[in-house]
Amino acid sequence: MSQVGHATARALLRRLAVEQAECRVPSLTAAIVRDGRTAWFAGRGRVGDATPTAATQYRLGSITKSMVAVVVMRLRDEGVLGLNDTLDTHLPGAPHGRLTVAQLLSHTAGLTAEPPTAWWERTPGVPTGELFERLGPGELKHRPGRRFHYSNVGFALLGELVAHLRGTSWLKAVQGEVLAPLGMNDTTARPRRPHATGYAVHPWADVVLAEPEHDADAMGPAGQLWSTPHDLARWAAFLCGDTGGVLCPDTLAEMREPAGVDDGDAWTGGFGLGLQLARTGGRRLAGHTGSMPGFLASVWADPAEGVGVLFMANTTSGLSGRLATDLLDILDEHEPRLPDEWRPVSADPDLLALTGLWHWGPKPYALRLLPDRGLSLEPLNGAGRASRFVPQADGTWLGLDGYYAGETLRVAADHLDLNTFVFTREPYDPAAPVPGGVSDWHA
């Protein structure tokens, strides 16, 4: 099903209309993407004399960063660079060259948030050489790796890294490796008609002021691009997992893993590798927000549900901050996703014999068989270390998540060896090779 029902569409439209009217937005568009297709789109307000359409351009702002990050991850997958490589490994002479690629992608490098120039979003950009000359030691605000600190400057460095390794501009690399393969042909560096004009709305009167727009030059990788709701819907589908061959799905999943959080242990917002992350209403979302003078945009994907949401507006500030999640809530309320049908599968008898009860010392665990010879090991009472494992060519299993992510599980006739921990069929089975030995149970 590629379209929402009439009642759902009406409820979504009303929420959009309330946002546009109460927040006084000159124009506002939004879309829902489900199972790789645009299931709903609407626009409110005016661009010129017309209602905005799916072909109307708005500025993306920092959503640009995610597209640059995809090219960086493609370079990693090709073996051209490593995420732990320092910047000066590939870009000799670059300022702050000891920062790693991963730190720059995840905003944990400690760099200043804004460049040491005039207000870069509102003035013509400076060339890369001039920007680099200004990035002295004082622009490192935190110890690298210490904390999440959003940095537009970090993506200027990554853009130059991409340009150097690809032998072209960051923009041409993004266009050729990301935008064109995904069919995002209306995503451009500068506006093309029809496009919205960026406005600031007066706080105490219903009047607007046109905001400036310039080529950001060296800071372009941090927020240069313009796009349309149609193209951004394709990007939402990409973030949900429809990568179109642009990126390995496992690499996209890696980009969605939390690398830094901005509000402590009980985090609701954070950052992966070039992607913002949010936890809200039981959802785990990945995407990015964008803000430039006169424009606000957001795109979020819930890969577990195969649903994405986006909005694009031509206002500097004033949105409620709840539009995207409210649209997802409305979709859930009116048309909740049906679970996939359960179907039996064939299983290797030897693997089937491994399933069931195992013990880590006295603690009972359940071993379950997953599709494609995968395994799941989790405590029976739900509290403790749980992980999934995938088979390897040498007969072992590799941990995917949880405490044992990246660790090796080896299977023997009478025990499981998980990174030195021995799991036995009986609690501390004396017949199994339990390190340290065991004695009889007694009262």
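Scoring rules and cut-offs
- Residues numbered from 1 in each chain as written.
- Predicted model: local features only at pLDDT ≥ 70, side-chain atom pairs only at ≥ 80, totals over all residues.
- Heavy atoms only, no water.
- Helix = DSSP H or I, 4+ residues; strand = E, 2+ residues; numbered from the N terminus.
- Expected span 1.5 Å × (residues − 1).
- Bend = angle between axes of the 7 residues up to and from the residue.
- Buried < 20%, exposed > 50% of the residue type's maximum accessible area, 1.4 Å probe, protein only.
- Contact = heavy atoms within 4.5 Å.
- Patch = residues over 30% accessible without salt bridge, like charges linked within 9 Å, V, L, I, M, F, W, Y side chains within 5 Å.
- Areas by Shrake-Rupley, 256 points an atom, 1.4 Å probe, with all protein chains shown as cover.
- Salt bridge = Lys/Arg side-chain N within 4 Å of Asp/Glu carboxyl O.
- Lys, Arg positive; Asp, Glu negative; His and termini not counted.
- Charge placed at Lys NZ, Arg CZ, Asp CG, Glu CD.
- Phe/Tyr/Trp six-rings, centres within 6.5 Å; stacked < 30°, edge-to-face > 60°.
- Core = buried A, V, L, I, M, F, W, Y, C linked by side-chain atoms within 4.5 Å.
- Polar contact = N/O pair within 3.5 Å; in protein donor to acceptor, adjacent residues only side chain to side chain.
- Axes fitted to C-alpha atoms, helices over the stretch in contact; angles between N-to-C directions.
- Parallel < 35°, antiparallel > 145°, perpendicular 65-115°, else oblique.
- Left-handed = near helix turned anticlockwise from the far one by under 90°.
- Nonpolar A, V, L, I, M, F, W, Y, C, P; charged D, E, K, R; others polar.

(A) Broad picture of helix 7 (residues 170-182). With 13 residues, helix 7 extends 17 Å between its outermost C-alpha atoms, agreeing within 8% with the 18 Å of an ideal straight helix rising 1.5 Å per residue. Helix geometry: helix 7 is bent most strongly at Gly-176, by close to 35°. Among the residues of helix 7, those classed as buried are Trp-170, Leu-171, Ala-173, Val-174, Glu-177, Val-178, Leu-179 and Leu-182. Where helix 7 is buried, its residues contact helix 2 (63-77), helix 6 (152-166) and helix 8 (229-240). Gly-183, located one to two residues past helix 7, shows a positive phi value of around 75°.

(B) Looking closely at a positive patch on the surface. A cluster of like positive charges, contributed by Arg-10, Arg-14, Arg-44 and Arg-46, occupies part of the molecular surface. Within the secondary structure, Arg-10 is located in helix 1 (residues 6-22). On the accessibility criterion, Arg-10 (57% relative accessible area) is exposed.

(C) Looking closely at the packing of aromatic side chains. Applying the stated rule across the entire model yields nine aromatic pairs. Ring centres of Tyr-58 and Phe-295 lie 6.4 Å apart, and the angle between their planes is 85°; on these two criteria the pair is classed as edge-to-face. Residue Tyr-58 is found in strand 3 (residues 58-59), and its partner Phe-295 is found in strand 11 (residues 295-302); the two are separated by 237 residues along the sequence. You'll find Tyr-58 and Phe-295 in the same group, each marked buried. Geometrically, the ring pair formed by Tyr-365 and Phe-423 is edge-to-face, given 5.3 Å between the ring centres and 90° between the ring planes.

(D) Quick peek at unusual backbone geometry. Pro-194 follows Arg-193 through a cis peptide bond whose omega is -5°. By secondary structure assignment, the location of Pro-194 is in the loop between helix 7 and strand 4 (199-201). Positive phi outside glycine occurs at His-107, with the angle close to 60°. Along the polypeptide, His-107 turns up in the loop between helix 4 (101-105) and helix 5 (128-134). The class for His-107 is buried, based on a relative accessible area of 2%. In this model, Asn-419 sits at a positive phi of 50°, which is unusual for a non-glycine residue. Along the chain, the position of Asn-419 falls in the loop between strand 19 (415-418) and strand 20 (421-424).

(E) Inspection of the nonpolar core at higher detail. Within the largest apolar cluster, 78 residues are counted, with the highest numbers of intra-cluster contacts made by Met-67, Leu-105, Trp-235, Phe-238 and Met-255. Ranked by the residues each element gives to this core, the list is headed by helix 2, at nine residues. Here Met-67 is in contact with Leu-60, Val-174, Val-178, Leu-179, Met-184, Leu-225 and Trp-235, once residues within four sequence places are set aside. Among the nonpolar cores identified, the runner-up in size contains 26 residues, and Ala-30, Ala-42, Ala-313 and Ile-330 belong to it.

(F) Spatial organisation of the side chain of Thr-315. Positionally, Thr-315 belongs in the loop between strand 12 (307-313) and helix 10 (323-334). In this structure Thr-315 comes out as buried when scored by relative accessible area, which is 0%. A distance of 3.0 Å separates a polar side-chain atom of Thr-315 from the backbone oxygen of Ser-317. Sequence-distant contacts of Thr-315, defined by excluding residues within four places in its chain, comprise Val-25, Pro-26, Tyr-199, Val-201, Gly-294, Phe-295 and Leu-296.

(G) Broad picture of the pattern of salt bridges. Applying the stated criterion to the full structure yields 22 salt bridges. The residue Arg-15 makes a salt bridge to Glu-19 at a minimum N-O spacing of 2.9 Å. Separated by four residues within a single helix, Arg-15 and Glu-19 lie in helix 1, roughly one turn from each other. A residue is classified by how much of its surface remains accessible, and Arg-15, at 13% relative accessible area, is buried. For Glu-19, a relative accessible area of 3% gives the class buried. With a shortest N-O distance of 2.8 Å, Arg-74 and Glu-177 are connected by a salt bridge. With Arg-74 in helix 2 and Glu-177 in helix 7, this pair connects stretches of sequence that are 103 residues apart. Each member of the pair, Arg-74 as well as Glu-177, is classed as buried. Look at the salt bridges and you will find they share partners, linking Arg-74, Glu-78, Arg-166 and Glu-177 into a network.

(H) Geometry of the packing of helix 2 against helix 7. Relative to each other, helix 2 and helix 7 sit at 80°, their axes nearing to 10 Å. Relative to helix 7, the element helix 2 lies roughly perpendicular. Counted together, Thr-64, Met-67, Val-68, Val-70, Val-71 and Arg-74 of helix 2 and Trp-170, Ala-173, Val-174, Glu-177, Val-178 and Leu-179 of helix 7 form the full contact between these two elements.

(I) Summary view of the environment of Asp-417. Within the secondary structure, Asp-417 sits in strand 19. Residue classification places Asp-417 among the partly exposed residues on the basis of a relative accessible area of 24%. When the C-alpha positions of Asp-417 and Pro-433 are compared, they lie 9.7 Å apart, and in sequence the two are 16 residues distant. Once residues lying within four places of it in the same chain are set aside, the contact partners of Asp-417 are Thr-408, Leu-409 and Arg-410. Here Thr-420 takes part through its backbone nitrogen, which lies 3.1 Å from a polar atom of the side chain of Asp-417.

(J) Spotlight on the packing of helix 1 against helix 10. One can describe the packing of helix 1 onto helix 10 by two numbers: an axis separation of 10 Å at closest approach and a directional angle of 160°. By the angle between their directions, the pair helix 1 and helix 10 is classed as roughly antiparallel. As helix 1 runs across helix 10, the sense of the crossing is right-handed. The segment helix 1 lies against helix 10, with Ala-7, Thr-8, Ala-11, Leu-12, Arg-15, Leu-16 and Glu-19 engaging Leu-323, Asp-326, Leu-327, Ile-330, Leu-331 and His-334. Of the residues that constitute the contact of helix 1 with helix 10, the class distribution is eight nonpolar, two polar and three charged.

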